[in-house]
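Analysis of the macromolecular model
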Amino acid sequence: MAMNVSVKSLVIKLALFAFAMLGFSYAMVPIYKSACDAGWLDATRVDLSNPYANVNRNVDTSNTQVDKSRWITVEFVASTNEKMPWNFEAQQKSVRIHPGEMTNVVYDVVNTTDRETVGVAVPSYGPALAVQYFKKVECFCFTKQVMAPHEHRGMPVVFVVTPDLPKDVNTITLSYTFFEVKS
Amino acid sequence: MEAVHDHGHEHHPSGIMRWVTTTNHKDIGTLYLFFSLIMFFFAGSLAMGIRAELFQPGLQFMQPNTFNQLTTMHGLIMVFGAIMPAFVGFANWQVPLMIGAPDMALPRLNNWSFWLLPMAAILLVGSFFVPGGAAAGGWTMYPPLFIQGGLSGDMTIFAVHILGISSILGSINIITTIMNMRAPGMTYMKMPLFVWTWFITAFLLVAVMPVLAGAVTMLLTDRHFDTHFFNAAGGGDPVMFQHIFWFFGHPEVYIMILPAFGIVSSIIPTFARKPLFGYASMVYATASIAILSFIVWAHHMYSVGMPTAAQLYFMYATMLIAVPTGVKVFNWIATMWEGSMTFETPMLFAIAFVALFTIGGFTGIVLAVVPVDIQLQDTYYVVAHFHYVLVSGSLFAIFAGAYYWLPKWTGHMYNETLGKWHFWLSMIGFNILFFPQHFLGLAGMPRRIPDYALQFADFNMISSIGGFMFGATQLLFVIVVIKCVRGGTKATAQVWEGADTLEWTIPSPAPYHTFATPPVIK
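Heads up: these notes are all about the structure in this document. Bear in mind the structure is a predicted one, so any value in this text is a computation, not a measurement.

Turning our attention to the sheet that holds strand E9 (residues 171-180) of chain A. All names here are of chain A. In space, the five strands of this open sheet follow the order E3-E1-E9-E5-E7, with mixed pairing throughout. The open sheet has two edge strands, strand E3 (94-97) and strand E7 (145-147), and neither has a second partner. Ignoring strand direction, the axes of neighbouring strands in this sheet form an average angle of 30°. Across eight bridges, strand E1 (residues 72-80) lies against E9 in parallel orientation. Bridge pairing in E9 places Val77 opposite Ser175.

Turning our attention to helix H11 (residues 322-336) of chain B. Over its 15 residues, H11(B) extends 21 Å from the first C-alpha to the last, a length consistent with the 21 Å expected when each residue adds 1.5 Å. Where H11(B) is buried, its residues meet helix H6 (193-224), helix H8 (258-272), helix H9 (279-292), helix H10 (308-320) and helix H12 (345-368) of chain B.

With that out of the way, let us pick up the interface of chain B and chain A. Across the contact, 34 residues belong to chain B and 30 residues belong to chain A. Both faces considered, chain B and chain A share a buried interface measuring about 2700 Å² in area, 74% of it formed by carbon and sulfur atoms. The tally of links from chain B across to chain A stands at one salt bridge. Two residues, A:Lys83 and B:Asp226, come together in a salt bridge whose shortest N-O distance is 2.9 Å. Across the chain B-chain A interface, the total number found is two residue pairs in polar contact (both at pLDDT 80 or more). Contributions of two or more residues to the side of chain B that touches chain A are made by helix H5 (151-180), H6 and helix H7 (238-255) of chain B.

The next point concerns the packing of helix H3 (residues 64-99) of chain B against H7(B). Residue and element names in this part refer to chain B. Between H3 and H7, the shortest axis-to-axis distance is 11 Å and the interhelical angle comes to 35°. Within the contact between the two elements, H3 uses Val79, Phe80 and Met84 and H7 uses Phe248, Glu252 and Ile255. For the contact of H3 with H7, the per-class residue count stands at five nonpolar, no polar and one charged.

Moving on, we get to the sheet that holds strand E2 (residues 86-90) of chain A. Residue and element names in this part refer to chain A. On the basis of which strands lie adjacent, the open sheet formed by four strands has the order E2-E4-E8-E6 and antiparallel pairing. Where the open sheet ends on each side, the last strands, each with one partner, are E2 and strand E6 (134-138). With strand direction ignored, the average angle separating the axes of adjacent strands in the sheet is 30°. Relative to strand E8 (residues 152-161), strand E4 (residues 103-111) runs antiparallel, the two sharing eight bridges. When the sheet's bridge partners are listed, Val109 is paired in E8 with Arg153.

As paired elements, strand E5 (residues 117-126) of chain A and E9(A) share eight bridges and run antiparallel to each other. Each residue of the ladder has a partner; that of A:Ala121, found in E9(A), is A:Phe178.

Our next topic: the packing of aromatic side chains. Residues and elements named next belong to chain B. By the definition in use, this model includes 68 aromatic pairs over all chains. Arranged with centres 6.2 Å apart and planes meeting at 85°, the rings of Trp139 and Trp246 form a pair that is edge-to-face. Here Trp139 is found in the loop between helix H4 (107-126) and H5, whereas its partner Trp246 is found in helix H7, with 107 residues between them in sequence. Note on accessibility: Trp139 and Trp246 belong to one class, buried. Taking 5.5 Å as the distance between ring centres and 45° as the angle between the ring planes, the aromatic pair formed by Phe349 and Phe399 counts as tilted. Here the residue Phe349 occupies a position in helix H12, and Phe399 occupies one in helix H14 (residues 380-410), the gap between them amounting to 50 residues. There is no split in this pair, since Phe349 and Phe399 are both buried. In this structure, Arg18 is placed above the aromatic ring of Trp19, and the distance from its NZ or CZ to the ring centre is 4.5 Å. Stacked on the ring of Tyr188, the Lys or Arg Arg182 has its end atom at 3.9 Å from the ring centre.

Let's shift gears to unusual backbone geometry. All names here are of chain B. Of the consecutive residues Pro143 and Pro144, the connecting peptide bond is found in the cis state with omega at 0°. One non-glycine residue, Arg273, lies in positive phi territory at about 55°. A positive phi angle, near 60°, is found at Arg448, a position not held by glycine. Positionally, Arg448 belongs in the loop between helix H15 (416-442) and helix H16 (457-486). Classification of Arg448 as partly exposed rests on a relative accessible area of 26%.

Bringing the state of the cysteines into the picture now. Residue and element names in this part refer to chain A. Tallied over the full model, the rule gives one disulfide over all chains. Between the sulfur atoms of Cys139 and its disulfide mate Cys141 the distance is 2.3 Å. With a relative accessible area of 6%, Cys141 lands in the buried category.

What counts, and at which threshold
Residues numbered from 1 in each chain as written. Chains lettered and ligands numbered in written order. Predicted model: local features only at pLDDT ≥ 70, side-chain atom pairs only at ≥ 80, totals over all residues. Heavy atoms only, no water. Pairing = 2+ DSSP bridges. Helix = DSSP H or I, 4+ residues; strand = E, 2+ residues; numbered from the N terminus. Axes fitted to C-alpha atoms, helices over the stretch in contact; angles between N-to-C directions. Expected span 1.5 Å × (residues − 1). Contact = heavy atoms within 4.5 Å. Buried area = accessible area lost by both parts, 1.4 Å probe. Salt bridge = Lys/Arg side-chain N within 4 Å of Asp/Glu carboxyl O. Polar contact = N/O pair within 3.5 Å; in protein donor to acceptor, adjacent residues only side chain to side chain. Nonpolar A, V, L, I, M, F, W, Y, C, P; charged D, E, K, R; others polar. Phe/Tyr/Trp six-rings, centres within 6.5 Å; stacked < 30°, edge-to-face > 60°. Buried < 20%, exposed > 50% of the residue type's maximum accessible area, 1.4 Å probe, protein only. Lys NZ or Arg CZ within 6 Å of the ring centre and 35° of its normal. Disulfide = S-S within 2.5 Å.

These figures come from the coordinates and say nothing about function on their own.
So, in C-alpha cells, the structure goes:
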C-alpha cells in the first residue's frame, strides 16, 4: 500500500534513479559505438569494423588512364593542431600533374619535444568535391604515428587524381592537420 | 517526515523574507508562476526581435550572429524558464489541494527548487552581456558549433545544470507528495487527471533531466578538458550528441504537454457540466504516451544518415503515439458532446487547445514520415508544427488554467470581458503568426536564418504582423492578473458551477493552510 512507503526511502530511491540516469547518459557513449559498429545507426559506414573506411572507399587505380591533355595543380598544406608539438611540412608546396598519373610526395615530420608523442593526421580537401576524385594509394593519415623524442621522419603519400575530375577544377588543395593523441 | 505545520492560522514573516524563506506550497506556486510570467515576457520580446528582422527580406535591425542569439535564447528560455516553471507552479498550487494534502511532502526542498531558478535565469540573461554575446548555436546546443562558442556557452551549460537540478528536486517532491500524502480514500484511480498527468510527468523529468545534464557535461569537458565525445578528430562523433540530446528531448516535449492535458481535462468537464469521458483511458493514454516517448527520439534526426531499417522503426514508433493522443482528443470531444456548455475564458482557451493542438499533432504525423521529413527538416514547417503544440498547446493550457484557478488563488473573479479579449486576440494573432509558416516551410524556407529569398516576403510579413499582435495581446493578460489580485467580484468557494474537485470545497481565496485535517473522500 503506497501510503505506508516512508518518505525517506522513496526520496532515496528517486535520487538513486536520477543518478543512474546520469550514468546511463555516459553509458550511451559505448552503446552508441556498438550500435554503429553493428550497423544499426550509421548508414554511412562501408566497412563496419573501420569507421574511416569510407574515406578511401573507392581506391581502385587499375583502370585509370593518364589524361595527357590536361594539367592540374595539387597544393599541399600541412598544419598542426594548436596543442600539437610537432613540426610538419610538405617537401613540395605543390605539384603539376596529369589526371590519372600516380604521384608520390613526402612530408617531413619532426617531434620537437623530449617525450614520445603520438599523433593522428586528418585530411581535408579544397574544393570539397575533389575528395571523390582523389584516390590515395598510400597515406599516413588516420593511423596513429608514434614519434620518439626529437625524431625526424619522412612520411609519404601516393595518390592518383582520377581523369573524370570535372573540367572546371584546375587546382586541388590537400590539407593535413596533425592532432596529438593522449593515451 | 519533515515537519508539516498544522497551524490553523496565517503565520509567516512579512515582506520580502516571506517569499525568500517560504515553505508554503501556495507561496512557492505563486513564485513559480510569476517567475515564468517574467521569463515569458523576456523570451517573448526576443521573439519580437526575430519577427521584426524577418518582417522584410534583407538585414534591417541586427547582424546574423545577434539573430542567432535571439533564436537560441528564445527557445531555451521559453522551454526551461517559461513553460516548465509555469507547470511546476500549477503543480505546487493544485496538487496538494486536489489530493487533500496540507502541503508538499518536502517543503524546504520545494523552496530550494524554486530559488535555483532565478540563479539559472541570471546566467542565461547575463550571457547576452559577455564578450561574443549569448549562445547562438540553437537551443539544441549541437556540437561542433556549440563547442566553439565563447564564455556564454559555459554560462548556458551551467544554467542547464541548475535548471535540471531544480526540475529533478521538484519532481521528486511531487512524486513523494502524490504517493504519500493523498487524503484517506483518495485512491490512485480517484485522483483528478491533473494530478495523474503531473505524476507521470514527474517520472519523465527524473528520468531524462540527468541525461541532459550528462550531455551538456560532455560538451563542457569537450570544450575545456580535452575529452573528445563529439570531436571526430579525436575519435568522437558529433551525431552522438543528437542521439543523447533527443533521448532527453523527446520525453521533454511530453513534459511540456502532459500537464497541459491535465489542465484541459480539469476544465472541459467543469464547463460542459459532465464528468470527464473515459477517465481510466485518459490515465492509460497518458502513461502510454510517456513510455512511447523514450523510443522515438531519432525522428528528430532522420537526415543524419541512418539505415533504412532504423528510419522505418522510428517512423512507425512515432506514428504509434498518435493512437493514445487520439484517445485523449476524442475523450475531450466526447466530454463536450451534449454537455451544457458555457464559454467562459478558461473554456475558450481549453477548446482552442483541443482544436489547435490537434493541428499541431497532425503536422507532427506528417513530419514523422521519413521522406517528407527529410524534405522539411529545419524548415519553417517544423517551426509551425512545434509552435502549434507548444503555444496553442502548452501556453494556451497555461492561460486556461490561470483563468480557471485565479478566483481560487486570489479570491476575486477576473475581468471576464478582458479575458475574452485576451483569448480572441491571442487566438487570431496566433493563427496569423504561425499558420503561414506552414506554407513557408513547404516552399523551402529554412529556419534560424535572418534573411530569406524574395518569394517568402509576403508570408513573412503576414506572420510578423500576427506576431506583433500576439505579443502585444499578452500585455492584456498581465492587466487581468494584476486587476484580479487587487480586487474584483468576490469569488465563491465553488467558483464554477460544474467544478467538483477538492480545491473547490475550500474558501476562496484558499487559506494559507488547508486540509490540516484530511478531507473525507466519498
